[in-house]
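This is what each chain is made of:
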Amino acid sequence: MSTPEPIDHPVLTRLRERFADDVRSVHAWRGDLTAEVTAARIVDVCRFLRDDAELAFDFLSDLTAVDYLGSTPRFEVVYHLKSLTRGHRLRIKTRVSEDAPHLPSVVPVWRGADWLERETWDLYGIRFDGHPDLRRIYLYEEFEGHPLRKDYPKERRQPLVTRADLDEPQVQRQEERDRARYGRWH
Amino acid sequence: MRDTDAGTKGFEVSDELHGEPLEIQMGPSHPATHGTVRITLKLDGERIVDADIQVGYLHRGYEKECESGEWSQAIPYTDRLNYASPMINNVGYCLAAEKLLGVTVPPRGQYIRTIASEISRLSDHFTCIGASAMELAAMTPFLYGVQAREHMWDLHEALCGARVTTNYVRIGGLQSDLPPGFADLCREKLRLALAIFADVDRLLTQNPIFRERMEGTGRLPAPDLIAYGVTGPLLRAAGVGYDVRKAEPYLVYDQIDFDVPVGTSGDNYDRYLVRVEEVRQSARIIEQCLANLPDGPVDVDDPRLRWPAKGKVFNRMEELIDQFKLVTEGMRPPAGEVYQAVEGANGELGFYLVSNGTGKPWKCRCRAPSFSNTHAMRDMVRGALLADIVPTFDMINMIGGECDR
C-alpha cells in the first residue's frame, strides 16, 4: 500500500457523498475497494450500503477482525460485502480500541452476521452491542482468553476445568446453563 | 390433560395432549449426519420448535497456525479445510497470495489448476450425494459414490502423490507439471466415474422413497438465503444463479463453455439435482481443459517465489543465493490486504490475507461456505418434522474441517 493513487469509483463516491465525515480513508489496492469508517456509525453505513438502489450490497460475505498489536486503536473489524445484483464488492473496515473493544452489531442488517460476530467475539474478544445471542461459538465457556489475539501465545495450555475447581456459585451457574442448553433429559 | 392450579376445584380439560416441549440432543456424533455437529432440538411431538446448532467440534486453530508459519507453510493447512475437495482450497489460498504479490501464473499452470479444482469438485459432489443417500437408508448409492470418488482420488494421486492431503498448488505455480500420460488417465477415470455416477442417478433421481424425503423439505426463500450469506448449490437451487466462476471469473473459467444449473423451488431435491448437473458440467470443463491444454511452464519465472532449477543452483552463484534466501527467509509479499473468492464445492470460498511485509502472514482468514450454510439451517428446519433434519443437513453438506477451521 505504498502508492496512494487517487481513486475514482462510483461505489466509493456514493458512500462519501452520504457519509462525508465518517469515511476516514479509502483505497483500492490490488483492485479491492476499501473504505474505513467510524465505528459508531457502522450500522448506518451498512444499512445505507444494503438499501441504496445503486449500491445494493445485499450479501455479507465475511466479517472478521485483525489484531494490529502495538498500534492504537488496536483492532480492526473488517466486513466484506458483495452485491449479487450489481456484482461489485466492497471492504468496510473500522477501528476498535483495546480498552473498549466493542461496537454495534450488524445482525439487524444481515442475519448472517450472527455467527460471524460470535466467532469474532470468541477468537478476538470484541463485543458486539445489540447482538441477540453473543456467546462463544468454537470454544467452551471456561476458556481463558481469546486465542487469535497476537498476545495469546500459540503454545499456551488451558487449564482442565473440573467440578472440583469451581466454587459453589460457579457450579450453580454451570448447571443452570447446562439445563437451559441441554434440557433436563441430558 | 393437566392440573393447572391446585387451588381450583375442577380440571382444565383439553382435546389435545399437550405437554411441554421435549428437548433432545442430536450429535455431536450421530449416525445420520456426516459432520460433527450438535443440534439441540426443542420438539413438540415430531415438530421442531427450535434448533440450536453448535459447531466447533473440529476447531483446531487453523488461523493461529497459519500466522505462525511462513506464507508457503499455510498451504498444507488449507488441504484440511474442506477435505472432500482439497485442491480447491489450495487453489484459493494460492490465488489470494498471488494477488497479494501481484503475480499471475502462466497459462499452462492455470489450466492444470482448473483441472485440479474440478476433479476435487467431482470428489466433493460424489461424497455428498453418496453419503446423503446412505443417511436416507440407501446403502448402494453410497458404495457407488465412494467408488466414483476413488477414481477422482486416483487422479489426485497421479498429480501429487497424495489422495486427500494434496498440497499440490504452490504460490506462483504448482508442485510439479502433469505426469506423463495424465490426459489419457484422466479421460479414462472420468469415463469410469461418470458410468458409476449414472447408476447412482438411476437409483436415486426417480426413487419414490428418496423423492419423498427430499421434495419440499428444507426450503428457504432466496432473500433469506442471501441474508444468511448462503452460497453454492443451496443458493442456486433457490433460483439465484450466483457462481463465482461466472460472476468473477478466475483461472481460465472465462475461456471455457459451461453452464450453471439453477433450481426453482429451493428444496432439498432441487439441491440434489443441481449437484447432479454440476457433476456433468465439471466433467465438461475438464474435457475442454485437457483438449486446450497449452504448452509452456507451470511456474512464474520469479526466483523470489519458485526455486530455480537444481542444475543452476549447483553451478551458479545468483541462483544459489535465490534458493538460500527462499529457504531461510521465505517469500515476502508487500504490506497490504487482499480478498480472493473462488467457487468451492459448497459455495463461495474466500481468503482474506493481510501482510505486514514480513515472511509470515499477519492474518490468514478463510471465509468458509459451510459456516454460513450451516448457520441458515436453523430457519430451514424450524416447523419441519424431526426426520427432515437428515436430508436438510445432508444437502447443506457441512464439512467440519471448513466450518470449524
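About the thresholds
Residue indices begin from 1 for each chain and proceed along its sequence in written order. As a convention, the first chain written is A and the first ligand written is 1, with the rest following in written order. Local features in this predicted model are restricted to residues of pLDDT 70 or higher, and side-chain atom pairs are both shown and tallied only at a pLDDT of 80 or more, whereas totals for entire chains, interfaces and linings draw on every residue. The helix count covers DSSP runs of H or I at least four residues long, the strand count covers runs of E at least two residues long, and both are numbered beginning at the N terminus. Here contacts are defined at the residue level, using C-beta atoms placed from the backbone and a cut-off of 7 Å between them. The size measure is the radius of gyration over C-alpha atoms, and the globule rule it meets is 2.2 Å times the number of residues to the 0.38 power. To assign burial, the other C-beta atoms lying within 10 Å of each residue's own C-beta are counted, with C-beta atoms placed from the backbone; 20 or more indicates buried, 12 or fewer indicates exposed, and intermediate counts indicate partly exposed. By this rule, a helix spans an expected 1.5 Å times one less than how many residues it contains. Here, a nonpolar core denotes buried Ala, Val, Leu, Ile, Met, Phe, Trp, Tyr and Cys residues that are linked to one another through C-beta atoms within 7 Å. Pairing between two strands is assigned when DSSP locates at least 2 bridges connecting them. Where helices are involved, their axes are fitted lines through C-alpha atoms of the stretch in contact, as for all axes, and angles between N-to-C directions lie from 0 to 180°. Each angle is binned into one of four classes, with values under 35 degrees roughly parallel, values over 145 roughly antiparallel, values of 65 to 115 roughly perpendicular, and all other values oblique. Each crossing gets its handedness from the near helix: less than a right angle anticlockwise from the far helix is left-handed, clockwise is right-handed. A score between 0 and 100, pLDDT records how confident the predictor is in each residue. Amino acids outside the nonpolar list (Ala, Val, Leu, Ile, Met, Phe, Trp, Tyr, Cys, Pro) and the charged list (Asp, Glu, Lys, Arg) are all regarded as polar, and Gly is one of them.

K.L.:
Can you explain the overall build of chain A? Please cite residues and give values.
P.N.:
Along its length, chain A carries four helices and seven strands. Tracing chain A from N to C terminus, the helices and strands come up as α-β-β-α-β-β-β-β-α-β-α. Counting only C-alpha atoms and orienting by the principal axes, one finds that chain A spans roughly 65 × 35 × 25 Å. Sequence-distant contacts, at least 24 apart, represent 48% of the contacts inside chain A between residues at least 6 apart.

K.L.:
Tell me about the overall build of chain B, residues and numbers included.
P.N.:
When its secondary structure is counted, chain B shows 17 helices and eight strands. Relative to its length of 405 residues, chain B is compact, with a C-alpha radius of gyration of 24 Å against a globular reference of 22 Å. Classification of the 405 residues of chain B by burial places 50% in the buried group. The contacts of chain B with a sequence gap of at least 6 include a subset with a gap of at least 24, amounting to 69%.

K.L.:
Could you give an account of helix 3 (residues 113-124) of chain A, naming the residues involved and the relevant values?
P.N.:
Taking 1.5 Å as the rise per residue, helix 3 of chain A with 12 residues should run 16 Å; its terminal C-alpha atoms sit 15 Å apart, in good agreement. Most of helix 3 of chain A is tucked away: 12 of the 12 residues are buried. Every buried residue of helix 3 of chain A is accounted for by Ala113(A), Asp114(A), Trp115(A), Leu116(A), Glu117(A), Arg118(A), Glu119(A), Thr120(A), Trp121(A), Asp122(A), Leu123(A) and Tyr124(A). In this structure, the buried side of helix 3 of chain A is in contact with strand 3 (59-67), strand 4 (75-82) and strand 7 (127-129) of chain A together with helix 14 (369-375) of chain B. Immediately beyond the C-terminal end of helix 3 of chain A, within one or two residues, lies Gly125(A), with a positive phi of roughly 70°.

K.L.:
Let's hear about the nonpolar core: which residues, and what values?
P.N.:
All names here are of chain B. Within the largest apolar cluster, 151 residues are counted, with the highest numbers of intra-cluster contacts made by Ala97, Leu225 and Leu353. Per-element tally for this core: the top contributor is helix 4 (residues 107-135), with 12 residues. Setting aside residues up to four positions removed in sequence, Leu353 forms contacts with Ala96, Ala97, Leu100, Glu337, Val338, Pro361, Lys363 and Cys364.

K.L.:
Give a detailed account of the sheet that holds strand 3 of chain A, specifying residues and quantitative values.
P.N.:
Residue and element names in this part refer to chain A. Taken in spatial order, the five strands make up an open sheet running 1-2-5-4-3, and their pairing is mixed. The strands lining the two open edges of the sheet, one partner per strand, are strand 1 (23-27) and strand 3. In this sheet, neighbouring strand axes are inclined to one another by 20° on average, regardless of whether the strands run parallel or antiparallel. As judged from the eight bridges shared by strand 3 and strand 4, these two strands associate in the antiparallel manner. Bridging from a neighbouring strand, Val66 pairs with Glu76 of strand 4. Helix-sheet contacts for helix 1 (residues 10-18) involve strand 1, strand 2 (34-37) and strand 5 (89-96), and the interaxial angle to strand 1 is about 175°.

K.L.:
Give a description of the environment of Val37(A) that names residues and reports values.
P.N.:
All names here are of chain A. Following the sequence through the fold, Val37 ends up in strand 2. By the C-beta count within 10 Å, which is 24 here, Val37 ends up buried. Separated by 15 residues in sequence, Val37 and Asp52 have C-alpha atoms that sit 17 Å apart.

K.L.:
Tell me about the packing of helix 4 of chain B against helix 11 (residues 268-292) of chain B, residues and numbers included.
P.N.:
Residues and elements named next belong to chain B. The interhelical angle for the contact between helix 4 and helix 11, taken along N-to-C directions, is 155°, at an axis separation of 9 Å. Between helix 4 and helix 11, the interaxial angle falls into the category roughly antiparallel. Here helix 4 and helix 11 pass one another in a crossing that is left-handed. Residue-level inspection shows Tyr111, Thr114, Ile115, Glu118, Ile119, Arg121, Leu122, His125, Cys128 and Ile129 of helix 4 in contact with helix 11, the latter providing Tyr272, Arg275, Glu278, Val279, Ser282, Ile285, Ile286, Cys289 and Leu290.

K.L.:
Which residues make up the environment of Tyr144(B), and what are the values?
P.N.:
All names here are of chain B. Here Tyr144 is to be found in helix 5 (residues 139-160). In this structure Tyr144 comes out as buried when scored by C-beta crowding, with 23 C-beta atoms within 10 Å. Put simply, Tyr144 and Gly232 are 88 residues apart on the chain and 24 Å apart in space, counted from C-alpha to C-alpha. Sequence-distant contacts of Tyr144, that is, excluding residues within four places in its chain, are made with Gly130, Ile196, Asp199 and Val200.

K.L.:
Quick rundown of the confidence of the model for chain B? Include the residues and the values.
P.N.:
Residue and element names in this part refer to chain B. Predicted confidence across chain B gives a mean pLDDT of 88, with 95% of residues reaching 70 or more. This stretch, residues 1-8, has a pLDDT under 50; its non-local contacts, to residues over four places away or in other chains, come to six contacts. The ipTM assigned to the predicted complex is 0.85, against a pTM of 0.88.

K.L.:
Can you explain the sheet that holds strand 3 (residues 47-54) of chain B? Please cite residues and give values.
P.N.:
Hydrogen bonds between backbone atoms are what pair the strands of a sheet, whose relative direction is either parallel or antiparallel. Residues and elements named next belong to chain B. As summarised here, the arrangement of the three strands in space is 1-2-3, forming an open sheet in which the pairing is antiparallel. Since the sheet does not close on itself, it has two edges, and those belong to strand 1 (22-26) and strand 3, each with one partner. Put simply, the sheet's adjacent strands are angled 20° from each other on average, direction ignored.

K.L.:
Would you mind going over the interface of chain A and chain B in detail, with residue names and values included?
P.N.:
At the junction of the two partners, chain A supplies 31 residues and chain B supplies 35 residues. Contributing elements (two or more residues each) for the side of chain A that touches chain B: strand 3, helix 3 and helix 4 (168-182) of chain A. By residue class, the composition of the side of chain A that touches chain B is 15 nonpolar, seven polar and nine charged.

K.L.:
Kindly report on unusual backbone geometry, identifying the contributing residues and their values.
P.N.:
Of note, the amide linkage connecting Thr72(A) to Pro73(A) takes the cis form, showing an omega dihedral of -10°. Along the chain, Pro73(A) turns up in the loop between strand 3 and strand 4. Its identity as a non-glycine residue notwithstanding, Ala137(B) has a phi of 75°, on the positive side. When you line up the elements, Ala137(B) lands in the loop between helix 4 and helix 5. The exposure class of Ala137(B) is exposed, given the 11 C-beta atoms found within 10 Å. Unlike most non-glycine residues, Asn167(B) shows phi in positive territory, near 50°. Looking at the element boundaries, Asn167(B) is found in the loop between helix 5 and strand 4 (169-170).

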